[in-house]
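So you can see what is in the structure, the chains are spelled out below.
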Amino acid sequence: MNIRPFGTQLPRIAASAYVDAAAIVIGDVEIGEEASIWPLVVVRGDVQSIHIGARSNVQDGTVIHVTHDSRFCPGGQATTLGTDTTVGHKALLHACTIGSRCLIGMGAIVMDRAVIEDEVMLGAGALVPPGKRLESGFLYVGNPVRQQRPLSEREREFLLYSAQNYVRLAVQYRS
């Protein structure tokens with residue numbers, strides 16, 4: 001795996017986490033227990049921190065980055081993923097906060113200071129503009145994103161199932 005420091009910041013990766021050899025993890029990054037980072041993912045915590053919670057998975061080709069401290073963003077902006085969250089292939093997460101038990105669809109873009117609360121499904125290709133807040137318990141779709149409808153009980157169950165499935169898959173890859 002390609003794990004690199006940025007200055008004095010070295011990624012902190014739980015022993016039970018899986019980081020694919022073709023992924024790149026740089027700088028002030030924390031990856032939680034049983035989380036998984038898949039091929040061609042870039043997690044670049046160079047000018048702010050990135051936290052990926054336990055049992056969350058970040059799928060192939062996703063880019064996770066942050067915003068630096070400036071007069072436009074005093075203090076900069078970190079990126080945080082909660083626990084049991086699934087990030088689909090080729091998503092872009094930039095300086096945002098994503099809660100627990102979420103599903104971020106393939107190719108979705110989540111911009112600076114956006115907040116996605118717990119138990120949200122974000123459709124494939126959706127764009128979450130800067131500063132937008134997505135309320136817990138709903139499906140969001142579109143560009144720009146809009147609230148589509150409440151999640152069904154089955155969809156809420158799927159959010160946790162998806163994360164658990166990737167924990168099992170990562171175990172197979174590590175062995």
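Residues numbered from 1 in each chain as written. Predicted model: local features only at pLDDT ≥ 70, side-chain atom pairs only at ≥ 80, totals over all residues. Heavy atoms only, no water.

1. Side note on the side chain of Ser16
Turning to step 1, where the next piece is worked out: With respect to the helices and strands, Ser16 occurs in the loop between strand S2 (12–13) and strand S3 (18–19).
Turning to step 2, where the next piece is worked out: A polar atom in the side chain of Ser16 sits 2.9 Å from the backbone nitrogen of Glu34.
Turning to step 3, where the next piece is worked out: Beyond its immediate chain neighbours, meaning those up to four positions away, Ser16 contacts Glu33, Glu34 and Arg174. (Helix = DSSP H or I, 4+ residues; strand = E, 2+ residues; numbered from the N terminus. Polar contact = N/O pair within 3.5 Å; in protein donor to acceptor, adjacent residues only side chain to side chain. Contact = heavy atoms within 4.5 Å.)

2. A few points about the environment of Thr86
Turning to step 1, where the next piece is worked out: Along the polypeptide, Thr86 turns up in strand S10 (residues 86–87).
Turning to step 2, where the next piece is worked out: Residue Thr86 is classed as buried on the basis of its relative accessible area, which comes to 4%.
Turning to step 3, where the next piece is worked out: Note: C-alpha distance between Thr86 and Gln48 (38 residues apart in sequence) is 22 Å. (Buried < 20%, exposed > 50% of the residue type's maximum accessible area, 1.4 Å probe, protein only.)

3. Topic: the sheet that holds S10
Turning to step 1, where the next piece is worked out: The strand order across the open sheet built from eight strands is S3-S5-S7-S10-S13-S16-S19-S20, with neighbouring strands paired in mixed fashion. The sheet is open, and its two borders are formed by S3 and strand S20 (146–150), each paired with just one other strand.
Turning to step 2, where the next piece is worked out: With two bridges joining them, strand S16 (residues 121–122) and strand S19 (residues 138–141) adopt parallel strand pairing. Looking across to S19, one finds that Leu122 is bridged to Tyr140. (Pairing = 2+ DSSP bridges.)

4. Looking at the environment of Trp38
Turning to step 1, where the next piece is worked out: Mapped onto the secondary structure, Trp38 falls in the loop between strand S5 (36–37) and strand S6 (42–52).
Turning to step 2, where the next piece is worked out: Since its relative accessible area comes to 3%, Trp38 is described here as buried.
Turning to step 3, where the next piece is worked out: For the pair Trp38 and Asp20, spaced 18 residues apart in sequence, the C-alpha separation works out to 5.2 Å.
Turning to step 4, where the next piece is worked out: Once residues lying within four places of it in the same chain are set aside, the contact partners of Trp38 are Tyr18, Asp20, Ala23, Asn57, Val58, Gln59, Asp60, Tyr166, Leu169, Ala170 and Tyr173.

Keep in mind these numbers describe shape, not what the thing actually does.
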